[in-house]
Amino acid sequence: MDPVSDRLPNISPLLNPGVDKPARLRRLLNSGQPLALPGAFNAISAQIIEAVGFDAVYVSGAGLNNGVAGYPDIGMLGLEEMAQLAGFIARATHLPAIADADTGFGEAAQTFRATQSYERQGLAGFHLEDQVFPKRCGHLEGKTLIPAEAMAEKIRAAVAARLNPDFLIIARTDARAVEGLEAALARAQTYLAAGADMIFPEALTTPGEFETFAQGLRARYPAALLLANMTEFGKTPLLTLSDFAAIGYNAVLYPMTAFRVMMRAVEDAMRQLRRDGGQAGLLSRMTDRKALYALLRYPAYDALGHGDATTRDAP
């Protein structure tokens, strides 16, 4: 198998920023095919997602809290930390990136600031949720919701704050687990009326619920964009991208898939290292130095330090 770096664009995104990623994301969402958004928990995982051929990337709040800081997903990282970490990921690839902005880091005024912070960091969009802070993982019990109108105020603040009208504002509702599916649908309609571009119904429990939700929302808002979450080990059954195509969803998140696979791989490797007292038996399971440097486009950075300010990578 060829290294994934062989399939990367020739130009380094960090040395050649400027692509209108929000506009690109909008085109992908309106292409008629559901957009797969694997979750990245750091910049190199996002570069791998790009290299294997995905068109967009997701930055999970759980991935950042768990993987960077060692916190559970209860909003322990603040706005500045979340925006900066998401920005490292967003700028490391040519792909548009959507990020988790939790509850907007406060009320409507804080959501206004959060919108501009995420946009300045290079994100193409974010999602806000209607939980009370401190929030809980969407697939755990014990969630509490803010009033629908309070969430609508946050959405209106986000719409007013964005500088690029294509920056995607996604409203996530956790109402299914708290108030039921009909309440979740009613909240989604309120959020679209407030200016949300896309609806993210969290923790639906059956394929039928996804279809019922989509049909109910589109009956009133035919052009509404819909996002599904395919996290593992939660309340939602694992459906395929083609399943979501059949019922009209525009995008699907795989927020922690790479993270969970990484955890198992690291654990297995560390057990073997502890047992063997050396890493020789692990080499075949590693990305080698050459492939890593190619993925990072090392030659382009090396050229900057030798009088060659070109932003194109070496062949």
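Our structure is the block above this text.
Residues numbered from 1 in each chain as written. Predicted model: local features only at pLDDT ≥ 70, side-chain atom pairs only at ≥ 80, totals over all residues. Heavy atoms only, no water.

Draft legend 1. Up close: the pairing of strand S4 (residues 125-129). Across the 5 residues that make up S4, a large majority, 5, are buried. On S4, burial covers both faces: Gly125, His127 and Glu129 on one face and Phe126 and Leu128 on the other are all buried. Both strand S3 (residues 97-100) and S4 contribute to a ladder of 3 bridges, which runs parallel. Counterpart to Asp100 in the pairing with S4 is His127. Taking the sense of rotation as the criterion, the β-α-β connection linking S3, helix H5 (residues 108-120) and S4 turns out right-handed. Both S4 and strand S5 (residues 168-173) contribute to a ladder of 5 bridges, which runs parallel. Counted as the bridge partner of His127 is Ile170 from S5. Since S4 and S5 lie parallel, the crossover through helix H6 (residues 148-161) that links them has a hand, and here it is right-handed. (Buried < 20%, exposed > 50% of the residue type's maximum accessible area, 1.4 Å probe, protein only. Helix = DSSP H or I, 4+ residues; strand = E, 2+ residues; numbered from the N terminus. Pairing = 2+ DSSP bridges. Right-handed = clockwise from strand over helix to strand, strands pointing away.)

Draft legend 2. Region of the structure containing the packing of aromatic side chains. Using the criterion set out here, one finds 8 aromatic pairs in the structure. Considering the side-chain rings of Phe41 and Phe259, the 5.4 Å spacing of their centres and the 85° angle between planes classify their relative orientation as edge-to-face. With Phe41 in the loop between strand S1 (35-40) and helix H2 (43-51) and Phe259 in helix H11 (residues 257-276), the pair connects residues that are 218 residues apart, well separated along the chain. In this structure, Phe41 and Phe259 share a single accessibility class: buried. Through pairs of rings, three or more aromatic residues link up here, namely Phe105, Tyr118, Phe126 and Phe167. (Phe/Tyr/Trp six-rings, centres within 6.5 Å; stacked < 30°, edge-to-face > 60°.)

Draft legend 3. Seen up close, the sheet that holds strand S7 (residues 225-229). Here we have 8 strands rolled up into a closed barrel, ordered S1-S2-S3-S4-S5-S6-S7-S8, and parallel in their pairing. The average undirected angle you get between the axes of adjacent strands in this sheet is 25°. Against the sheet, H5 contacts S3 and S4, and its axis sits at roughly 155° relative to S4. (Axes fitted to C-alpha atoms, helices over the stretch in contact; angles between N-to-C directions. Contact = heavy atoms within 4.5 Å.)

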